[in-house]
Amino acid sequence: MDIRRRNFGAIALGAFAARAWPAVSKPKLPVLLAVGQLRADALEAAWPLLSTGGFRRLAEKGAWFTGFQQLSSSFPSCGLANLATGAWPAQHGIVADSWWDSAAHSVVRTSDEALLATTLAAQAASAGMRVAVVAMTRAEAALFAGTREAHLYFLDERGQYTCSGTQPDWLDEHNRAKGSESARDANWMALKAAADAPPLRKLHYDANHPLEFLALYKGSPFGQTAEFEMTADLLARERYGLGSTADLLCVIDGSSAQLGYETGADSPLMNQMLLNLDLRIENLWNQLAKAVGENGFNLVVCAAHGAPPEPPKDARARMAVSGDSVAQLVETALRDTGRHLEKYLYPFLYLDRSATSGGAETVRRLAADAALAHPAVAGYYTAGGGCSENDGWRKRFQNSFHAKRSGDAMLSYRPEYVEEFGAGRGVSYGSLYNYDTHVPLFLYGPQFRAGVFDAPVEAVDLAPTLARALGLAEPSSSIGRVLSEALA
């Protein structure tokens, strides 16, 4: 037998590796829970109130990355796309929940069609895995899936769960037993509240305005619990994790993000939502363990973004920014250049393409500097690479900026400043600040080793790490690293 030295070395190394790093079997049911809005510091503040079987069990038995960050614009769509693709908006093209198309002269809404990168779910589906995504909306489910081969389950405008493709027989039964109708005019009570305690909120239902109730329902523990009940029925009815091949289940919990638009991060309601989520994770874990065994599943929990606090009433006039006031400053500064501001759609300035007396980047910098004169604007980044910051903030701007979709300049408001929608209350997402970008990440399963990892890691690291764990090719535009320190 002719064994060359190089081949012999490879065989010897392989034998050593087999002894040093024994192969870990891949569970048949990886489950990825992406929470729409969850600040890392909010989780830490609520720690004494958490159950032993939710986040605490994840922290004790799994890998907890305390330095996990979404280092780009923190719009909900951006965060979900970052997690799904292992890329930033600069690569996957989802630069906000909506942006301006100068050629079509219209606003473009986020969709899976607009995604310019493949996803982890798409890689799993192409490898023969069954993939399901449960979410509050079809848009979120489709964006996170990134493939028509995934089964999507989401709420319709009646508050009933529906799905893409052929609807299974059991879904009607599920909606009859667990539909949103039972929450009409329900009282939202604090967990462990006294019998005579007043409700935190009443989910008022008006038949003439059903969508108002649906918004209340989605942003409440009733809607959050319903999403996990939908997940539980899907697991049981479709026997996920019990077939001959592996299944991938993704759950996008959108309730806290929905509530956050109204109340901001510091609301007592938001704290109650977190405590309810903790219980839902405990129930999900127990169901998975009973169905496929403790070593039969991975459970990954992360978040798409955080949230700012709602501006105080006496400061709202200053901290809730009118986009028109920013646009007027820019338009005035451009008066002598032959250029105009075609659209300001936060956080992007889009200039028209008419003739100009100066170079394109010169005019962009002029427009951005004019915006910077606004008392609410803290920084900018231009399509030519001009930036008001020269530290780590430049990277956050660069990660967020797509050459074809981000216009001529991207602005950043001051910390905790938000967009004003005219309602006189609420917040907006999308900032680059830590309260929006610093979120939790937990990895549990036989392929991950327990421990607390404090080193900074980025949202784009999740998809390649899960691809490695599942034996899949990384998504097409993934630029993150594999978190090998957490792999068993």
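Residues numbered from 1 in each chain as written. Predicted model: local features only at pLDDT ≥ 70, side-chain atom pairs only at ≥ 80, totals over all residues. Heavy atoms only, no water.

**Comments concerning the overall build of the protein chain**
- If you tally the helices and strands in the protein chain, you get 18 helices and 21 strands.
- The C-alpha atoms of the protein chain give a radius of gyration of 24 Å, which matches the 23 Å a tight globule of 488 residues would have.
- Of all 488 residues assigned to the protein chain, the portion counted as buried reaches 56%.
- Counted over contacts in the protein chain with a minimum sequence separation of 6, partners at least 24 positions apart contribute 68%.
- If you sum the accessible surface of the protein chain, you get close to 20900 Å²; carbon and sulfur atoms cover 52% of it.
- If the 45 positive side-chain charges of the protein chain are averaged to one point and the 52 negative ones to another, these points end up 6 Å apart. (Helix = DSSP H or I, 4+ residues; strand = E, 2+ residues; numbered from the N terminus. Rg over C-alpha atoms; globule rule 2.2 N^0.38 Å. Buried < 20%, exposed > 50% of the residue type's maximum accessible area, 1.4 Å probe, protein only. Contact = heavy atoms within 4.5 Å. Areas by Shrake-Rupley, 256 points an atom, 1.4 Å probe, with all protein chains shown as cover. Lys, Arg positive; Asp, Glu negative; His and termini not counted. Charge placed at Lys NZ, Arg CZ, Asp CG, Glu CD.)

**Digging into the pattern of salt bridges**
- The final tally for this structure, using the stated rule, is 16 salt bridges.
- For D41, the salt bridge is made with R39, and the minimal N-O distance between the two is 2.8 Å.
- Of the residues examined, D41 reaches a relative accessible area of 38% and is grouped as partly exposed.
- For E361, the salt bridge goes to R364, with nearest N and O atoms at 2.9 Å. Highlighted residues: E361 and R364, both in helix α15 (residues 360-372), separated by 3 residues, approximately one helical turn.
- The network of salt bridges with common partners includes R353, E361, R364 and D408. (Salt bridge = Lys/Arg side-chain N within 4 Å of Asp/Glu carboxyl O.)

**Re the pairing of strand β17 (residues 409-413)**
- Within β17, 5 of the 5 residues are buried, which leaves it mostly tucked inside the rest of the structure.
- Burial along β17 is two-sided: A409, L411 and Y413 facing one way and M410 and S412 facing the other are all buried.
- Inspection of the sheet shows strand β16 (residues 377-382) paired to β17 by 5 bridges, in the antiparallel sense. Bridge pairing links Y381 to M410 in β17. (Pairing = 2+ DSSP bridges.)

**Quick look at helix α4 (residues 76-85)**
- In terms of burial, α4 is largely enclosed, as 10 of its 10 residues are buried.
- For α4, the set of buried residues is P76, S77, C78, G79, L80, A81, N82, L83, A84 and T85.
- Phi turns positive one or two residues past the end of α4, at G86, with a value near 70°.

**With respect to the packing of aromatic side chains**
- This structure, assessed with the given rule, holds 19 aromatic pairs.
- Ring centres 5.3 Å apart and planes at 25° place the aromatic pair W64 and F442 in the stacked group. With W64 in strand β2 (residues 63-65) and F442 in strand β19 (residues 441-444), this pair connects stretches of sequence that are 378 residues apart. The residues W64 and F442 share a single accessibility class, namely buried.
- Pairing F297 with Y444 gives two aromatic rings, centres 5.6 Å apart and planes at 45°, and the pair type is tilted. In this pair, F297 sits in strand β12 (residues 297-305) while Y444 sits in strand β19, placing the two residues 147 residues apart along the sequence. (Phe/Tyr/Trp six-rings, centres within 6.5 Å; stacked < 30°, edge-to-face > 60°.)

**Describing the nonpolar core**
- F55, F65 and L443 are the most contacted members of the largest nonpolar core, which totals 144 residues.
- The element contributing the most residues to this core is helix α12 (residues 268-292), with 11 residues.
- Ranked by size, the runner-up nonpolar core spans 7 residues in total, among them A265, V418, V427 and Y429. (Core = buried A, V, L, I, M, F, W, Y, C linked by side-chain atoms within 4.5 Å.)

**Side note on unusual backbone geometry**
- Geometrically, the link from Y346 to P347 is a cis peptide bond, its omega value of 5° lying close to zero.
- If you trace the backbone, P347 turns up in the loop between β14 (341-345) and β15 (348-351).
- If you check the backbone angles, K192 has positive phi at about 60° while not being a glycine.
- Structurally, K192 can be placed in the loop between β9 (187-188) and β10 (201-202).
- Taking the relative accessible area as the measure of exposure, K192 reaches 88% and is therefore exposed.

**A look at the sheet that holds β15**
- Strand order across the open sheet formed by 4 strands is β14-β15-β17-β16, with antiparallel pairing between neighbours. Two strands close off the open sheet at either side, each with one partner strand: β14 and β16. In this sheet, neighbouring strand axes are inclined to one another by 20° on average, regardless of whether the strands run parallel or antiparallel.
- Running at roughly 170° to β16, α15 makes contact with β15, β16 and β17 of the sheet. (Axes fitted to C-alpha atoms, helices over the stretch in contact; angles between N-to-C directions.)

**Some words on the environment of Q258**
- By secondary structure assignment, the location of Q258 is in helix α11 (residues 255-263).
- Exposure remark for Q258: the relative accessible area of 30% places this residue in the partly exposed category.
- In this structure the C-alpha to C-alpha distance between Q258 and G36, which are 222 residues apart in sequence, comes to 8.3 Å.
- Residues contacting Q258, with those up to four places away along its chain left out, are A215, K218 and G219.

**Some words on the sheet that holds β2**
- With respect to topology, 9 strands assemble into an open sheet ordered β8-β7-β6-β11-β1-β12-β19-β2-β20, the strand pairing being mixed. Taken across any chain shown, the strands that pair with only one partner, and hence form the sheet edges, are β8 (161-163) and β20 (451-453). The mean inter-strand angle of the sheet, taken between neighbouring strand axes irrespective of direction, is 15°.
- Here β2 pairs with β19 via 3 bridges, running antiparallel. Paired with F65 across the two strands is L441, which belongs to β19.
- Where helix α8 (residues 170-178) meets the sheet, it contacts β7 (151-155) and β8, and its direction lies at approximately 160° from that of β8.

**Some thoughts on the confidence of the model for the protein chain**
- With 94% of its residues at a pLDDT of 70 or more, the protein chain has an overall mean of 93.
- Counting contacts from residues 1-21, a segment whose pLDDT is below 50, to residues more than four positions away or on other chains yields 3 contacts. (pLDDT = per-residue confidence, 0-100.)

**Considering the packing of helix α10 (residues 221-238) against α12**
- Contact pair α10 / α12: the axes reach a minimum separation of 10 Å and the direction vectors enclose 10°. By the angle between their directions, the pair α10 and α12 is classed as roughly parallel. Every residue of α12 that contacts α10 at P221, Q224, T225, F228, T231, A232, L235 and A236 is listed here: M273, N276, L277, R280, L284, Q287 and L288. (Parallel < 35°, antiparallel > 145°, perpendicular 65-115°, else oblique.)

**Notes on the packing of α4 against helix α7 (residues 138-145)**
- Relative orientation of the contacting elements α4 and α7 amounts to 30°, with a least axis distance of 8 Å. Considering the angle they form, α4 stands roughly parallel to α7. The hand of the α4/α7 crossing is right-handed. Contacts from S77, L80, L83 and A84 of α4 reach α7 at E140, L143 and F144.
- Taken together, the residues that form the contact of α4 with α7 break down as 5 nonpolar, 1 polar and 1 charged. (Left-handed = near helix turned anticlockwise from the far one by under 90°. Nonpolar A, V, L, I, M, F, W, Y, C, P; charged D, E, K, R; others polar.)

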